[in-house]
Amino acid sequence: MGFLDFMTEDIAIDLGTANTLIIHNDKVVIDSPSIVARDRISGKIIAVGKEANMMQGKTHENIKTIRPLKDGVIADFDASEQMIKMFIKSIPALKKKWFTPALRMVICIPSGITEVEMRAVKESAERVNGKEVYLIHEPMAAAIGIGVDIMQPKGNMIVDIGGGTTEIAVIALGGIVCDKSVKIAGDVFTNDIIYYMRTQHNLFVGETTAEKIKIQIGAATEDLDSAPEDMSVQGRDLLSGKPKQVDVSFREIAKALDKSIQRIEDAVMETLSQTPPELAADIYNTGIYLAGGGSMLRGLDKRISLKTDLPVYIAEDPLRAVVRGTGIALKNINKYKSILIK
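Residues numbered from 1 in each chain as written. Predicted model: local features only at pLDDT ≥ 70, side-chain atom pairs only at ≥ 80, totals over all residues. Heavy atoms only, no water.

Going by an unreviewed UniProt entry, the chain carries the name Cell shape-determining protein MreB and comes from Flavobacterium tibetense. UniProt, in its Function (unreviewed entry) section for the chain, records the words "Forms membrane-associated dynamic filaments that are essential for cell shape determination. Acts by regulating cell wall synthesis and cell elongation, and thus cell shape. A feedback loop between cell geometry and MreB localization may maintain elongated cell shape by targeting cell wall growth to regions of negative cell wall curvature." (UniProt positions renumbered as here; feature names shortened; annotations may be inferred.)

## A word on the overall build of the chain
Regarding its fold elements, the chain presents 12 helices and 18 strands. A compact globule built from 342 residues would reach a C-alpha radius of gyration of about 20 Å, and the chain, at 21 Å, matches this within 12%. Taken along the three principal axes of its C-alpha coordinates, the chain extends 70 × 60 × 35 Å. Burial analysis of the chain (342 residues in total) assigns 51% to the buried set. Long-range pairs, those at least 24 residues apart, make up 64% of the contacts in the chain with a sequence separation of at least 6. Taken as a whole, the chain presents about 16500 Å² of accessible surface, with 51% of it coming from carbon and sulfur. (Helix = DSSP H or I, 4+ residues; strand = E, 2+ residues; numbered from the N terminus. Rg over C-alpha atoms; globule rule 2.2 N^0.38 Å. Buried < 20%, exposed > 50% of the residue type's maximum accessible area, 1.4 Å probe, protein only. Contact = heavy atoms within 4.5 Å. Areas by Shrake-Rupley, 256 points an atom, 1.4 Å probe, with all protein chains shown as cover.)

## Section: the UniProt feature "binding site: ATP" (unreviewed entry) in the chain
Mapped onto the present numbering, the UniProt feature "binding site: ATP" (unreviewed entry) falls at Thr17, Ala18, Asn19, Gly163, Gly164, Thr165, Glu211, Lys212, Ile213 and Lys214. Considering only the residues just annotated, the largest pocket is lined by Thr17, Ala18, Asn19, Gly163, Gly164, Thr165, Glu211, Lys212 and Lys214. Looking at the element boundaries, Ala18 is found in the loop between β1 (8-15) and β2 (19-24). If we ignore the near neighbours within four places in the chain, the residues touching Ala18 are Ser32, Pro33, Ser34, Arg67 and Gly163. Mapped onto the secondary structure, Glu211 falls in helix α8 (residues 207-217). (1 Å grid on protein atoms, 1.4 Å probe; cavity = no way out; pocket = protein on both sides within 12 Å on 5 of 7 lines; lining within 4 Å.)

## Structural notes on the packing of helix α9 (residues 250-273) against helix α11 (residues 300-308)
With their axes 10 Å apart at the nearest point, α9 and α11 run at an angle of 45 degrees to one another. One way to sum up the angle between α9 and α11 is to call them oblique. α11 is crossed by α9, and the crossing has right-handed handedness. In contact with Asp258, Ile261, Gln262, Glu265, Asp266, Val268, Met269 and Leu272 of α9, α11 contributes Leu300, Arg303, Lys307 and Thr308. Here the contact of α9 with α11 is composed, by residue class, of 5 nonpolar, 2 polar and 5 charged. (Axes fitted to C-alpha atoms, helices over the stretch in contact; angles between N-to-C directions. Parallel < 35°, antiparallel > 145°, perpendicular 65-115°, else oblique. Left-handed = near helix turned anticlockwise from the far one by under 90°. Nonpolar A, V, L, I, M, F, W, Y, C, P; charged D, E, K, R; others polar.)

## Side note on the pairing of strand β16 (residues 243-248)
Sheet analysis places strand β15 (residues 231-237) next to β16, joined by 6 bridges and oriented antiparallel. By the bridge assignment for β16, Ser232 is matched with Asp247. Hairpin connection, β15 to β16: the antiparallel pair is bridged by 5 residues, and Gly241 has positive phi, about 80 degrees. (Pairing = 2+ DSSP bridges.)

## Thoughts on empty space enclosed by the protein
Enumeration over the complete set of coordinates arrives at 1 cavity of 30 Å³ or more. Counted as a void, the largest cavity has a volume near 40 Å³. Around the largest cavity, the lining residues are Leu15, Leu69, Gly72, Val73, Ile74, Cys108, Ile109, Pro110 and Val121. Among the elements of the structure, β8 (73-74) and β9 (102-109) are those that each provide at least two residues to the lining of the largest cavity. Each residue belonging to the lining of the largest cavity can be placed in one class, and the counts come to 8 nonpolar, 1 polar and no charged. (Points joined across faces, edges and corners; volume = space filled by probe spheres on them.)

## Here's the deal with helix α6 (residues 138-146)
Of all 9 residues making up α6, 8 are buried, and the element is well covered by its neighbours. Looking only at α6, the buried set comprises Glu138, Pro139, Met140, Ala141, Ala142, Ala143, Ile144 and Gly145. One or two positions beyond α6, positive phi appears at Gly147, with a value near 110 degrees.

## Quick look at the nonpolar core
Formed by 45 residues in total, the largest nonpolar core has its most connected members in Phe189, Met197, Ile213, Val233 and Ile288. Take this core: its biggest share by element is 9 residues, from α9. Taken together, domain 1 (150-184 + 260-316) and domain 2 (186-256) each give at least three residues to this core, which thus spans both. Filtering out sequence-adjacent residues up to four positions away, Ile213 remains in contact with Ile193, Met197, Gly218, Met231, Val233 and Ile253. Ile11, Ile22, Leu103 and Met118 belong to the second-largest nonpolar core, a separate cluster that totals 31 residues. (Core = buried A, V, L, I, M, F, W, Y, C linked by side-chain atoms within 4.5 Å. Domains from an automatic or database assignment.)

Here it is in structure tokens:
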């Protein structure tokens, strides 16, 4: 086994709808958008990650940008495999090696995923030289990444708002007691903004611009303690067809996102209503933990807190909470054996 150990590298992957993160040797070595650009004629992948992301919405007919994951699951098997392959190839420490090492991987998956979708993730991993592949449920990984001791007989509630799905789970004794996975998350927020700009301002904006609006002035409520400055948004005027610019305030974005956030709130409330009473008592004391990029939406913590009457905490570096947890599970693989799916 000694020699084999020397040949094997450990990597933890958070394969997200919006971003893919990889940890190797306790460091986040890849943090890139989950997107690939493919040449239509040759079928070759010409760019992945940040490079492909810059092309999005700016391509001609010979280049197609693909987001291989949709709603947290693999939608384009071939593209996702190529993407993972290229990300792993670009890990600095593995580049130096003159042969491709066997990989021991832990990959995180949404909790509402089917057998078939699970197998797609596993097969993708095995085809990029994964010899031992473990899967871990996203809310679990998020909890470990936040620093919750999930093995204790104590209830903790995690709300992980990613790009494709929002995962809500109550965790105790190293297992998910009740969970809900809703397909309302970052991507839907972005589309809400596009729709709002179209209907209210007659301005057609692309996904990249809408995403920028969301990050710069996005808000979940109209009464923020510290309001961001208004933002100038450029796009195409739907009436005249000319490029134009309008100023948008965070209040407008709060209006645009209101319906979607309501649905996340409802899902949280539903999960709470299914929680066994002893765990509900724990959650009354520990509160709710938010992770994922969506948790960075201004005022969302306050809004969920008002709705549930519970304290709400945002994980530090919420974008990386899940991959951190996946990395910790990989490092202490024997301790977390029971929660990993082989």
